[in-house]
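Take a look at the letters that make up each chain.
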Amino acid sequence: MTSTNKAAKGAVKGVYSFGNGTAQGDASLKNLLGGKGANLAEMSNLGLPVPPGFTITTDVCTAYYDNDRRYPPGLREDVEAALAHVGVEVGKTFGDAKNPLLVSVRSGARASMPGMMDTVLNLGLNDETVVGLAALSGDERFAYDSYRRFIQMYSNVVMEMEHHAFEEILDGFKDEHEFFLDTDLKASHWKEVIRQYKAKVEDVLGKPFPQSPDEQLWGAIGAVFGSWRNDRSETYRRLHNIPESWGTAVNVQAMVFGNMGETSATGVAFTRNPSTGENAFYGEFLINAQGEDVVAGIRTPQPLTRSAREELGASLEDAPSMEEALPDAYAELTGVFDKLETHYRDMQDIEFTIQAGKLWMLQTRNGKRTAPAALKIAVELCEEGLISEEEAVQRVEPESLDQLLHPSLDPDAPRDLLVAGLPASPGAASGEVVFYSDEAERLSQEGRKVILVRVETSPEDIHGMHAAAGIVTARGGMTSHAAVVARGMGRPCVCGAGDLKIERDAYEFSVAGRTVRKGDMITVDGGTGQVFLGEVATIQPRLSGDFAKLMGWADRTRKMAVRANADTPHDVQVARDFGAEGVGLCRTEHMFFEAERIVAVREMILAESEEGRKTALSKLLPMQRSDFEGIFRVMKGLPVTVRLLDPPLHEFLPHSQNEIEEVANASGMDAKKLQARAQKLQEFNPMLGHRGCRLGVSYPEIYSMQGRAIIEAACAIAQETGEPVIPEIMIPLVATEKELALLRTQINEIAQTVIAERGVSLDYLIGTMIELPRAALTADKVAQYADFFSFGTNDLTQTTFGLSRDDSASFLPDYLRHKIFERDPFVSIDTDGVGALVAMGCEKGRQTRPDLKLGICGEHGGDPDSIRFVQSLGLDYVSCSPYRVPIARLAAAQAQLSSQKQA
């Protein structure tokens, strides 16, 4: 019985072997083998040149943490057997002084997490095996270069020494001997560096660097499993919603060497351009190097293709492409590209090594890409016949569309070029210069836009990169850590800006005699690789081409409508341009804050009699009517849900003496009486006080004015355009059916009066927002008086949890860190609690009224995970901010496809 069959029947092994054209696993075991292990097995089965090795499964990682970081019984024996098999495959023995097998130990989570977890290369080297490696290879320099790399990497990853301790030794040695590149050092030099490295380890840790290959192996395995829960991995998982329970696999693989001279190399490549989606090979490589050199930004890599080199303007002598420098290996690699992309039916991110002219494949995975690239690749793969329209719709992350919906640099705007580097991740952003990730995070939390400027980034910078609006590095290429992570996050990034001289401790950088300090404003254009001093003007995006095509496919697929939360004709037009099919929430209170209106609003609030309130409301009526006319005109017959006044009156109260006097002059009331009235209206807990429908009960003239304004505007636009207008009047914060019954009767009377006055035939709906637990629990009764329910999940979350959205930001990070909350409940709906109330509201409401229209208009209406949840409840529509409408359209299509699969 094969391992695959055993896995299918539940008898799961802890170790799976691969390489030399065969493998015990395949891509179907991704959850067990992790992405890297599954793809190594798959490439082996495809007959590609994969160095032999084995994968320790994610089940072992789970057991490791469940059992106080102890390995399950029998694992050591399984690893020893698998390691011996690798030795047989390559004709070497692990730990043998004369013919040593050296291995790499790498992580491999189910979801790609580039740079987040730990890797150790050249494992198995010690003072004896390095001599054997030198004799076998005939290249002493290569052997000792590999040994110093191993000491540095192992000491950092496994023994937790700071990386810079070794960099200081190496930089000092190079300065002393006037060497510029690592490749300038000979074997004798590396021996001296190694001596200093080992002395540093013993000085810092009080123990010598481990010489036992067996001790090294298990130390590295433990470090990789341990890195699943390090700070940067936890940050990345939180940002990308990757469950901790998934765990990581460990891949142990025979080493192949790209640092064996001028016929050896290492590289990272993509089968298509991950920034633009262009169907052209894209990547970088380094001759006489190991993989860490490419991604770490220590050396600037060379382009993969001749055309890329020519575009970058580099001369052949300075940076020959792989196509030119190693043409045979390049030709073989392009064949592998075609085979892998056709097999996986997606753009691949590939790591490879060339050892003495022979190509070896170390990894393939679906490549991280920008939103424009994701769109282009999905559409083109569909048009090439590799995937269907439905698959294309599922290939683009809805949240990534946010990258497309924001401005880019205005080509006509003046700009002051500081420096140019590599266009590593497209997009444009302006912000204050910062040099440290912790500071970037802190300032971002204060609402300030920052640009993170670094010599190069490392995985420890993940939180700062996420917080920054853009990223600039002095070192690194198009496949460096900064570039890959920035593209995945949708952050504009410029890498390899080598003219930058960064003095982080002085909080400044200089370029061409100019100095830029912390807090100064710069602008990053990741599409051109340029950095400008100051803030450069931007233009709005144009959404057409691949975007329009994919969104058309999504619209044909989805069942739920997508509306927008919009309060002005301008916002409504933006929403329509983004494909909104109606307004799901028009908040009328937002219309009250304009300068010429706030005085009348305050006059109405502070009036001591109904007559006084009506006088003030008569000033507001034409203003409100004009607002609604503008919105109905833009929507051209699409439904518009208008929420009647909701916030507590205290939000509109005057605060200064000047404001009191302004209201006094407008109303003819005494200023002191007005001030006393304002103090009387103050509430201790206004968000649970006199607001929403409670205002309509106490002051029916407010809702009467608004109802009249809505219906008059609808009649006027229906007469003007000859098209039907569909106003949906929403009564907020209902807790009992009696509130809704009372106010529905009042609004109906006003509506019928206006319709009779205007002589127009008009259909309208009256419904409510379900935002209190009691309303959800008694939805069957509430539905007697509602034509629709709109779930206001912002307040429903607040009232269910007893959390203030405005005040909880100070402690919610603690809840997320301690895993009390898996997600911020104000960002993604709490399906167990709040979601249960929504489900109950839907079920009970439709028991009473089967044709009850159901929607959601809280911020969750634009969250893809929340959209998947409400799709399962059968909601008719979601409503979100205008700029999230495309995200919701795509997420609703994906939710529909997911539900069809499960059916």
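Before any of the text, the structure's been laid out above.
In this report, the structure presented in the accompanying data block is examined. This structure is a prediction, so every number in the text was calculated from the model and none was measured.

Right, let's talk about the overall build of the protein chain for a bit. Within the protein chain, the secondary structure is distributed over 35 helices and 32 strands. Relative to the 2.2 N^0.38 estimate, which gives 29 Å for 903 residues, the radius of gyration of the protein chain is 32 Å and therefore close to what a compact globule would have. Structurally, the protein chain occupies a C-alpha span of about 100 × 70 × 55 Å along its principal axes. When each of the 903 residues of the protein chain is scored for burial, the buried share is 56%. Here the contacts in the protein chain between residues at least 6 apart in sequence split such that 68% fall between residues at least 24 apart. Of note, the protein chain has its 92 positive side-chain charges centred 3 Å away from the centre of its 128 negative side-chain charges.

Time to look at the environment of L443. In this fold, L443 is placed in helix α17 (residues 437-445). When the C-alpha positions of L443 and A467 are compared, they lie 8.5 Å apart, and in sequence the two are 24 residues distant. Those residues in contact with L443, other than ones at most four positions away along the chain, are V434, R448 and V450.

Below, the discussion takes up the packing of helix α6 (residues 140-157) against helix α9 (residues 213-227). Two numbers describe how α6 lies on α9: the axes approach to 10 Å, and their chain directions differ by 50 degrees. With respect to α9, the axis of α6 lies oblique. The hand of the α6/α9 crossing is left-handed. Residue-level inspection shows F150, Y154 and V157 of α6 in contact with α9, the latter providing E215, Q216, G219, A220 and A223. Considering only residue class, the contact of α6 with α9 consists of five nonpolar, two polar and one charged.

Enumeration over the complete set of coordinates arrives at 19 aromatic pairs. A ring pair is formed by F270 and Y282, whose centres lie 6.0 Å apart and whose planes are at 65 degrees; its orientation type is edge-to-face. Of this pair, F270 sits in strand β7 (residues 265-270) while Y282 sits in strand β8 (residues 282-287); the two residues are 12 residues apart in sequence, bridging distant segments of the chain. The same class applies to F270 and to Y282, which are both buried. The positively charged end of K518 is found above the aromatic ring belonging to Y507, 4.9 Å away from the centroid.

In this structure, L401, L550, F628, F632, I711, I731 and F789 are the most contacted members of the largest nonpolar core, which totals 130 residues. Broken down by element, this core gets its largest block of residues, 11 residues, from helix α27 (residues 700-721). When residues no more than four places from it in sequence are discounted, the contact partners of L401 are A371, L375, V396, F547, M551, P886, I887 and L890. Residues V103, L121, M255 and L452 belong to the second largest nonpolar core, which totals 82 residues.

Attention shifts here to helix α21 (residues 569-577). Buried within α21 are the following residues: V572, V574 and A575. All buried residues of α21 project into a common sector of 155 degrees when viewed along the axis, lining one side. Of the exposed residues in α21, the ones pointing more than 90 degrees away from its buried face are H570 and D577. Turning to α21, the residues buried within the fold contact β25 (561-565), β26 (583-587) and α23 (610-635).

Reading the values: the criteria
- Residues numbered from 1 in each chain as written.
- Predicted model: local features only at pLDDT ≥ 70, side-chain atom pairs only at ≥ 80, totals over all residues.
- Heavy atoms only, no water.
- Helix = DSSP H or I, 4+ residues; strand = E, 2+ residues; numbered from the N terminus.
- Rg over C-alpha atoms; globule rule 2.2 N^0.38 Å.
- Buried < 20%, exposed > 50% of the residue type's maximum accessible area, 1.4 Å probe, protein only.
- Contact = heavy atoms within 4.5 Å.
- Lys, Arg positive; Asp, Glu negative; His and termini not counted.
- Charge placed at Lys NZ, Arg CZ, Asp CG, Glu CD.
- Axes fitted to C-alpha atoms, helices over the stretch in contact; angles between N-to-C directions.
- Parallel < 35°, antiparallel > 145°, perpendicular 65-115°, else oblique.
- Left-handed = near helix turned anticlockwise from the far one by under 90°.
- Nonpolar A, V, L, I, M, F, W, Y, C, P; charged D, E, K, R; others polar.
- Phe/Tyr/Trp six-rings, centres within 6.5 Å; stacked < 30°, edge-to-face > 60°.
- Lys NZ or Arg CZ within 6 Å of the ring centre and 35° of its normal.
- Core = buried A, V, L, I, M, F, W, Y, C linked by side-chain atoms within 4.5 Å.
- Arc of directions from axis to C-beta.

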